[in-house]
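Overview (structure and organization)
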Amino acid sequence: MWHFGETCSLRLFPPSKATEQTQPACCCGDFLIMVVLHVLFEHAAGYALFAVKEVEEIGMLLPQVEESVLSLAKFNSMVSLAAFFPFKSAQAALENMNAISEGVVHADLKLFLETNLPLSGKKKPSLGVSDAKIGAALQEEFSISIQTGGVVAEITRGVRLHFHSLVKGLTALAASKAQLGLGHSYSRAKVKFNVNRADNMIIQSIALLDQLDKDINTFSMRVREWYGYHFPELVKIVSDNSMYCRLAQLIGNRKELSEESLESLEEVVMDGAKAQAILEASRSSMGMDISPIDLINIERFSNRVVSLAAYRLELQEYLRSKMSQVAPNLAALIGEVVGARLISHAGSLTNLAKYPASTVQILGAEKALFRALKTRGNTPKYGLIFHSTFIGRAAAKNKGRISRYLANKCTIASRIDCFSEVPTSVFGDKLREQVEERLSFYETGDVPRKNVDVMKEAVKEATDVAAEIKRKMDKKEKKRKKREKKLQELEANGDANSEAEVENGEAETPVVKKKKKKQAAEEMEVQAEETPAAENGAEEPSAKKKKKRKAEAEEVEEAAVTDNGAEETDRPAKKKKKQKTETVDAEEAPETPVSEKKKKKKKKEAAE
């Protein structure tokens, strides 16, 4: 503890003799109150505990003192590192960060403080933390005094600035990389809870659906006004906007309508009488004539409106499928569109689950509520849930009662959807049955079932459905794993086969070369033997017959090979080689006696 008369180490000017005798010389010019405390600092690299040597509480917020914190030498003389606990992995850092953000003391933090914070002694230590939420949790855990503001904020600012210099072995680059990595992983974990159950897609879809309704309505009125100059009677016959645009696209010039186009009109209008009325009105229309270029523009614009209407139907189907994944019970109870509007107005499904039933009842009627509170009038009975069919079916005197009951059931359904692991619509169906029974009770007086009995049935059915869904999911997972195993085995076998083929190819190349050389030598011998026979004019009919027989035999063998199929692909080459060798032998065999006879005749003639 510092005594009266001692000076602050952050002073910016030397004390004079007069001031040394009367009061402490400090940059703030006030008396000093010195406190010994420890400061906990949470970094992406790990937990750090700093021992504060001296603190000036009175003049800490003066600009001179704030500037002196920027100096590492002055700050290091005031604060020293007591202990440092690095995180083992990025996953451990993320877990600790999530715990701190939720105000929970993690096991690593607890062990770190129990080991390094001097809890035993005459005086209990004072711990400074930057977040009041984690400070309250630490106070409950260790029963020590916690400081969060004032001096601790300034010390934390200096520690954050000089952290990489205060911790040995930690560079500024490593510290920034750790912060960047942890920041990305923390944001990713906050945004990406479950891809299939992301309610922000529902919020965007319902907003786009409302916008499309407004745009399609505006564009359809523009088509009615534009095409009405040419065919004004069509507006009274057809009231639907989408159908009117399709008819404007189909009819074009009304003067070209005839009995042949009656069938196509019936396909669009889905009514024979209406189609006949359109045909008759086109013959006696009071509209003005229109040029082809104007008609082309009207048709293009009506085509765009028709495509927007078709896209709206697709978007509504997408919203229905998304609601069945994210909030099936709420969708089964109140409908997909009204449920999506409630989620969008609340901001998320989690926020809607946190609302009480009284808030859900008037959700969407905030202006009317505050106006009623201001003027002391009647408060609204319902908000967005008015668009459900239940309130419309109820009598005027029962609308407030059924809206209160429906809001209660909507709250239960949204909480089940938000916190259940396996999404099922069992509870939503049961809650809808309860609302139906309550509605009939208001009208006829039939006593509805008790809520306990209905919920027991719902829990039993929900467990069965959840077990079935889990069984199917496990089955799919097993199939996926089997498929992956087969693919891995095929890849491994393919690699082994390719290596073996490469080796076999390298080994067979010299054999193929030798065979080619032998074939070339045999062909050369055959040609050399045939040339003298051709010169002497000794072409006999027997040789031609033999060639024909050989050709026929080759054709028969080729047909047999094609019939045998792919199993005997290696045999034809061998057969052809055998055939060639046989033919060569056959040609050589008959030619030898002919050449010998000729030689004998020549010898006899020479002797004579």
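Residues numbered from 1 in each chain as written. Predicted model: local features only at pLDDT ≥ 70, side-chain atom pairs only at ≥ 80, totals over all residues. Heavy atoms only, no water.

Per an unreviewed UniProt entry, the protein chain is named Nucleolar protein 56, and its organism is Acanthochromis polyacanthus. Quoted verbatim from the Sequence similarities (unreviewed entry) heading of the UniProt record, the comment on the protein chain is "Belongs to the NOP5/NOP56 family." Recorded in UniProt under Subcellular location (unreviewed entry), the annotation for the protein chain is "Nucleus, Nucleolus". (UniProt positions renumbered as here; feature names shortened; annotations may be inferred.)

Next up on the list: the overall build of the protein chain. Scanning the protein chain for helices and strands turns up 25 helices and five strands. Within the protein chain, buried positions represent 33% of all 608 residues. Residue pairs in contact within the protein chain that sit at least 24 positions apart in sequence constitute 66% of those at least 6 positions apart. Accessible surface for the protein chain amounts to roughly 38,300 Å². Of this, 54% is attributable to carbon and sulfur atoms. (Helix = DSSP H or I, 4+ residues; strand = E, 2+ residues; numbered from the N terminus. Buried < 20%, exposed > 50% of the residue type's maximum accessible area, 1.4 Å probe, protein only. Contact = heavy atoms within 4.5 Å. Areas by Shrake-Rupley, 256 points an atom, 1.4 Å probe, with all protein chains shown as cover.)

Moving on, we get to the packing of aromatic side chains. Considering all chains together, one arrives at twelve aromatic pairs under this definition. Relative to Phe231, the ring of Tyr227 has its centre 6.5 Å away and its plane inclined at 65°; by these criteria the two rings are edge-to-face. The same class applies to Tyr227 and to Phe231, which are both buried. Taken together, the ring pairs connect Phe41, Phe50, Phe84 and Phe163 into an aromatic cluster. (Phe/Tyr/Trp six-rings, centres within 6.5 Å; stacked < 30°, edge-to-face > 60°.)

Here five strands make up an open sheet; going across it, the order is 3-2-1-4-5 and the pairing mixed. The open sheet has two free edges, formed respectively by strand 3 (79–86) and strand 5 (145–147), since each of these has just one partner strand. Each strand axis lies, on average, 25° off the axis of its neighbour in the sheet, ignoring direction. Of the pairings in the sheet, the one linking strand 2 (residues 46–52) to strand 3 comprises seven bridges and is antiparallel in character. Each bridged residue has a counterpart across the sheet, and for Val52 the counterpart in strand 3 is Val79. Docked against the sheet, helix 7 (residues 151–166) engages strand 1 (37–42), strand 2, strand 3, strand 4 (126–128) and strand 5, running at close to 60° with respect to strand 1. (Pairing = 2+ DSSP bridges. Axes fitted to C-alpha atoms, helices over the stretch in contact; angles between N-to-C directions.)

All told, the structure shown has 17 salt bridges when counted by the stated rule. Its salt-bridge partner being Arg393, residue Glu436 comes within 2.8 Å of it at the nearest N-O pair. Taken together, the positions of Glu436 in helix 22 (residues 426–444) and Arg393 in helix 20 (residues 389–393) put the pair 43 residues apart, joining distant regions of the chain. Residues Glu468 and Arg471 are paired through a salt bridge, measuring 2.5 Å at the closest nitrogen-oxygen approach. Taken together, the residues Glu468 and Arg471, both in helix 23 (residues 451–536) and three residues apart, mark about one turn of the helix. Where salt bridges share partners, they join Lys430, Glu433, Glu437, Arg449, Glu457 and Glu461 into one cluster. (Salt bridge = Lys/Arg side-chain N within 4 Å of Asp/Glu carboxyl O.)

This next bit is on helix 7. The terminal C-alpha atoms of helix 7 lie 19 Å apart, and with 16 residues this falls more than 12% below the ideal 22 Å at 1.5 Å per residue. Arg160 marks where helix 7 bends most, by close to 50°. (Expected span 1.5 Å × (residues − 1). Bend = angle between axes of the 7 residues up to and from the residue.)

Take the side chain of Ser388 next. Position of Ser388 among the secondary structure elements: in the loop between helix 19 (366–375) and helix 20. Overall, Ser388 belongs to the buried group, its relative accessible area being 5%. In this structure Ser388 touches Ile334, Val338 and Leu406, once residues within four positions along its chain are discounted.

Quick look at the nonpolar core now. Met323, Leu330, Leu333, Ile334, Ile343, Leu352 and Leu406 are the most contacted members of the largest nonpolar core, which totals 46 residues. Among the elements that take part in this core, helix 21 (residues 399–419) stands out by supplying seven residues, more than any other. Split by domain, the residues of this core number at least three in each of domain 2 (201–315) and domain 3 (330–468). The contact partners of Leu333, leaving out residues within four places of it in the chain, are Phe390, Leu406, Lys409, Cys410, Ala413, Gly428, Leu431, Arg432 and Val435. Val223, Leu257, Leu279 and Ile298 belong to the second-largest nonpolar core, a separate cluster that totals 24 residues. (Core = buried A, V, L, I, M, F, W, Y, C linked by side-chain atoms within 4.5 Å. Domains from an automatic or database assignment.)

Another point: a positive patch on the surface. On the surface, Lys472, Lys475, Lys476, Lys478, Lys479, Lys482, Arg483 and Lys486 cluster together to form a positively charged patch. Take Lys472: it is sitting in helix 23. Classification of Lys472 by relative accessible area gives partly exposed; the value is 48%. (Patch = residues over 30% accessible without salt bridge, like charges linked within 9 Å, V, L, I, M, F, W, Y side chains within 5 Å. Lys, Arg positive; Asp, Glu negative; His and termini not counted. Charge placed at Lys NZ, Arg CZ, Asp CG, Glu CD.)

With that settled, the discussion passes to empty space enclosed by the protein. Under the defined criterion, the tally for this structure stands at two cavities of 30 Å³ or more. In this structure, the second largest cavity occupies an estimated 30 Å³ of space. Around the second largest cavity, the lining residues are Glu42, His43, Tyr47, Phe87, Ala93, Asn96, Met97, Ile100 and Leu182. By residue number, the principal contributor to the lining of the second largest cavity is helix 4 (residues 90–101), which donates four residues. Here the residues of the lining of the second largest cavity are counted per class, giving six nonpolar, two polar and one charged. (1 Å grid on protein atoms, 1.4 Å probe; cavity = no way out; pocket = protein on both sides within 12 Å on 5 of 7 lines; lining within 4 Å. Points joined across faces, edges and corners; volume = space filled by probe spheres on them. Nonpolar A, V, L, I, M, F, W, Y, C, P; charged D, E, K, R; others polar.)

In this section: the packing of helix 9 (residues 200–228) against helix 16 (residues 336–346). To characterise two packed helices, one gives the angle between the axes of the helices and the distance between these axes. Following both chains from N to C, one finds helix 9 and helix 16 inclined at 115°, their axes separated by 9 Å at the closest point. One finds that helix 9 runs roughly perpendicular with respect to helix 16. Between helix 9 and helix 16 lies a crossing whose hand is left-handed. Across from Ile202, Ile203, Ile206 and Asp210 in helix 9, the residues of helix 16 making contact are Val337, Ala340, Arg341, Ile343 and Ser344. Grouping the amino acids of the contact of helix 9 with helix 16 by side-chain chemistry returns six nonpolar, one polar and two charged. (Parallel < 35°, antiparallel > 145°, perpendicular 65-115°, else oblique. Left-handed = near helix turned anticlockwise from the far one by under 90°.)

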